[in-house]
Amino acid sequence: VAVITLTTDFGLYDSFVGAMKGVILSRCPGTQIVDLCHEVPPQQIRIGALRLAAAARYFPAATVHVAVVDPGVGSERRALAIEVGGQFFVGPDNGVLTLAAEPGTAGFRAVSIENTALLLTPISQTFHGRDVFAPAAAFLARGGPLQDLGPQVRSIVELRLPTVYRESTRLMGTVIDVDRFGNLITNVRQADVAAQAVEAVGIAGERIAPLSHWYDPGRKLVALFNSDGWLEVAAPAGSAAQVVGVGLDASVEVELRSDRSIA
Amino acid sequence: VAVITLTTDFGLYDSFVGAMKGVILSRCPGTQIVDLCHEVPPQQIRIGALRLAAAARYFPAATVHVAVVDPGVGSERRALAIEVGGQFFVGPDNGVLTLAAEPGTAGFRAVSIENTALLLTPISQTFHGRDVFAPAAAFLARGGPLQDLGPQVRSIVELRLPTVYRESTRLMGTVIDVDRFGNLITNVRQADVAAQAVEAVGIAGERIAPLSHWYDPGRKLVALFNSDGWLEVAAPAGSAAQVVGVGLDASVEVELRSDRSIA
Amino acid sequence: VAVITLTTDFGLYDSFVGAMKGVILSRCPGTQIVDLCHEVPPQQIRIGALRLAAAARYFPAATVHVAVVDPGVGSERRALAIEVGGQFFVGPDNGVLTLAAEPGTAGFRAVSIENTALLLTPISQTFHGRDVFAPAAAFLARGGPLQDLGPQVRSIVELRLPTVYRESTRLMGTVIDVDRFGNLITNVRQADVAAQAVEAVGIAGERIAPLSHWYDPGRKLVALFNSDGWLEVAAPAGSAAQVVGVGLDASVEVELRSDRSIA
């Protein structure tokens, strides 16, 4: 059974997602359609890219992932279809695909979707989710070859997360996501810390130490590496965003122990 | 694979939609169930009708569309099953189906669902989505004949959208929908303008000219015919509803050029 | 076709549900995944238990129901898989499963999920939905035997709803749920009233009489036994929670007629 996942900023209030599903099922009957996330805030490409990257790796080979966060719809931005790691990725050329489908990965191939014979006619200038990306995904789900969608492209727009800065025994990071529980997710990865032990995590005047391994209800705030490998600040009894009083783009500081030791 | 779509005002907070899905899968195993929209505001039949009409056309032949926005549940209002255009439509007789399944269309057939042997027993007086519409849809998805559900009906309740008024070179329309992006969707269709060119669109003191073809980020407000053919006012960088300060039922005025020309 | 339902407090804003679906489809391709409810308020086990119990009974035999409302994730609480009534239930041992899968029911069997060879490796300490419950459910959906997941357990944590108190001709109950329409759902069941007739229902100073059978638009407030058999207070034209001004945990009083009569 072919699988197509959908990640959009369309929300669930309107008919946008429903129309995309209709196109997919008309062109590839029996496809299993999986809603990854439709609550990406309007036009926030980075949140869309994070949602897709967090879930895509758990899907089977040959899954087609569609991501539509597309402020440039109707402009000259390209429409992309990518094959990498045995899966497919379809969406606008604005970076929304590139945390999951990283250019430079072995076997990465991208084409610009231009073969209008495979798309809806006429193509509207405001809803490429329905008219371009859904039919392109259905074509791939049916086993159609990537290169039939359009010419190969050499370079695509890449999304860059903010950089983690290092100063001897400190890492300076940023909150890049706030989840439904109010957990503050930062751009500091377990790999950034490597074998060094974390002494404490500082955010908005709060100093959290030591690192936790779970949402310990005995503590007001915990800092831990979450199930995706990101450093996260959480308030086990509620919302860290509310307790700490900060959100997206807030600074976070990680104190490392100067001596090497296994965390 | 049989396909059943669901459009309701049940929201996703409760178990209403889940119970409907259970009934469908118990009575027609393997059905592909597609959520079209469950965030229709409580009892707003017109929004439900618009959601269904916008998406239904993209689904394959034989799809069964269920729409439950049903303030009259438990009263004498009929339960309908309709066949038209190769698809099926199931829901209360209050107009919610009739923008998608238009009476008068060639081949239109409607029956009143009264064959309780095909429904849940006992039928509750408050949840026909689960007890009447889901089992009727499952029956049709299994290939059951429409007429087995109940007697044919000659006339049903039709939903009428507000009328567009024309005065020589002006059209007077109404905002009939506001989407999640705050776009203001009016009842003026591309066909209302026909070959005449639109000079400008006026709404709440704003005059928008000329018409756009996309969400041009260089403009505060744009007016365009959207991907469903409705005239829409949008604020590319945010919400037109907020920028203009109006919402549902607001008046809109379309100035047409007096000389005939291709738009 | 195997069916797995999902009930969580993960919401739809993040990637949690998407990651679970990926794991399920990787381990049991073709499974039909049904979202029962993801809007359980964070960590409200009772609401999760009510959602699951209201919908599970309508699903076909062999359905696997997964419920993840799990404030104790990462602690010593057990992970359970239960077989009862021809269906399966998977989730934390905190009561979230026990309104649907009642201990003491004939044929009830529960195991503690401990066979890590069947789960994701490594198991995170914060996301057992993805790493433990999804793979355990996929194993059952493939037809794997319950006992392979881990050792049988004799006693599990049971959720108790508040008790209904009886004083000769009065029942004292509690609001245990407020649905999206603002209907106030109480813990008084039709069976509590039995053959006695209800004289009136009192809540927050309002006295509602007689009982209704539907959402009668001619009345400001109605009291009725809803489609799941619970006593419910509703405002047909709006939200009873707003009209009455109370919510979860509010007291409700049912006056019974002293003479026996069929309601």
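Structure: above.
Residues numbered from 1 in each chain as written. Chains lettered and ligands numbered in written order. Predicted model: local features only at pLDDT ≥ 70, side-chain atom pairs only at ≥ 80, totals over all residues. Heavy atoms only, no water.

Peer 1: In this structure, what is going on with the sheet that holds strand E3 (residues 64-68) of chain A? I would like to understand it.
Peer 2: Hydrogen bonds along the backbone pair up the strands of a sheet, which may run parallel or antiparallel. A sheet is described by the order of its strands in space; here six strands give the open sequence E2-E1-E3-E5-E4-E6 (chain A), paired in mixed fashion. Two strands lie at the open edges of the sheet, namely strand E2 (32-37) and strand E6 (109-112) of chain A, each paired on one side alone. The sheet shows a mean angle of 20° between the axes of neighbouring strands, taken without regard to direction. Taken together, the three bridges between E3 of chain A and strand E5 (residues 87-92) of chain A define a ladder with parallel strand orientation. Counted as the bridge partner of His65 of chain A is Phe89 of chain A from E5 of chain A. Across the sheet, helix H1 (residues 16-27) of chain C lies against strand E1 (3-8) and E2 of chain A, angled at about 150° from E2 of chain A, the strand it touches most. (Pairing = 2+ DSSP bridges. Helix = DSSP H or I, 4+ residues; strand = E, 2+ residues; numbered from the N terminus. Axes fitted to C-alpha atoms, helices over the stretch in contact; angles between N-to-C directions. Contact = heavy atoms within 4.5 Å.)

Peer 1: Which parts of the structure should I look at to understand the interface of chain C and chain A?
Peer 2: Where interface size is quoted, it is often the accessible area lost as the parts come together. Contacts between the two partners involve 34 residues from chain C, matched on the other side by 30 residues from chain A. The contact between chain C and chain A buries some 2500 Å² in all, and 58% of this surface belongs to carbon and sulfur atoms. When the buried surface of chain C facing chain A is broken down by residue, Tyr13, Leu25 and Thr126 of chain C rank first, second and third, together holding 25% of it. Here chain C and chain A share three salt bridges between them. One can count 12 residue pairs in polar contact (both at pLDDT 80 or more) joining chain C with chain A. For the side of chain C that touches chain A, the secondary structure elements donating two or more residues are H1 and strand E2 (32-37) of chain C. Looking at the side of chain C that touches chain A residue by residue, the class counts come to 13 nonpolar, 16 polar and five charged. (Buried area = accessible area lost by both parts, 1.4 Å probe. Salt bridge = Lys/Arg side-chain N within 4 Å of Asp/Glu carboxyl O. Polar contact = N/O pair within 3.5 Å; in protein donor to acceptor, adjacent residues only side chain to side chain. Nonpolar A, V, L, I, M, F, W, Y, C, P; charged D, E, K, R; others polar.)

Peer 1: Is there a simple way to think about the side chain of Ser15 of chain B in this case?
Peer 2: As for its position among the elements, Ser15 of chain B is in the loop between strand E1 (3-8) and helix H1 (16-27). Residue classification places Ser15 of chain B among the buried residues on the basis of a relative accessible area of 11%. When residues no more than four places from it in sequence are discounted, the contact partners of Ser15 of chain B are Leu50, Arg51, Ala54 and Ala55 of chain C. (Buried < 20%, exposed > 50% of the residue type's maximum accessible area, 1.4 Å probe, protein only.)

Peer 1: Explain the environment of Asp70 of chain A to me, please; I cannot follow it from the model alone.
Peer 2: Residue and element names in this part refer to chain A. As for its placement among the helices and strands, Asp70 is situated in the loop between E3 and strand E4 (79-84). Sequence separation of Asp70 and Val3 is 67 residues, and the distance between their C-alpha atoms is 22 Å. Setting aside anything within four residues of it in sequence, one finds Asp70 in contact with Arg77, Pro92, Asn94, His128 and Phe133.

Peer 1: Explain the relation of the copies chain B and chain C to me, please; I cannot follow it from the model alone.
Peer 2: Two copies of one chain are present, and they are related through a rotation about an axis combined with an axial shift. Once turned by 120° and shifted 0.0 Å along the axis, chain B lies on chain C with an RMSD of 0.0 Å. Given the turn and translation reported, the copies of this chain are related as if by a three-fold rotation axis. For chain B, the smallest separation between a C-alpha atom and the rotation axis is recorded for Gln32 of chain B, amounting to 4.7 Å. Little of the interface of chain B is mirrored in chain C, where only 9% of its interface residues again form contacts. (Least-squares fit on C-alpha atoms with pLDDT ≥ 70 in both.)

None of the figures reported here should be taken as evidence of function without further support.
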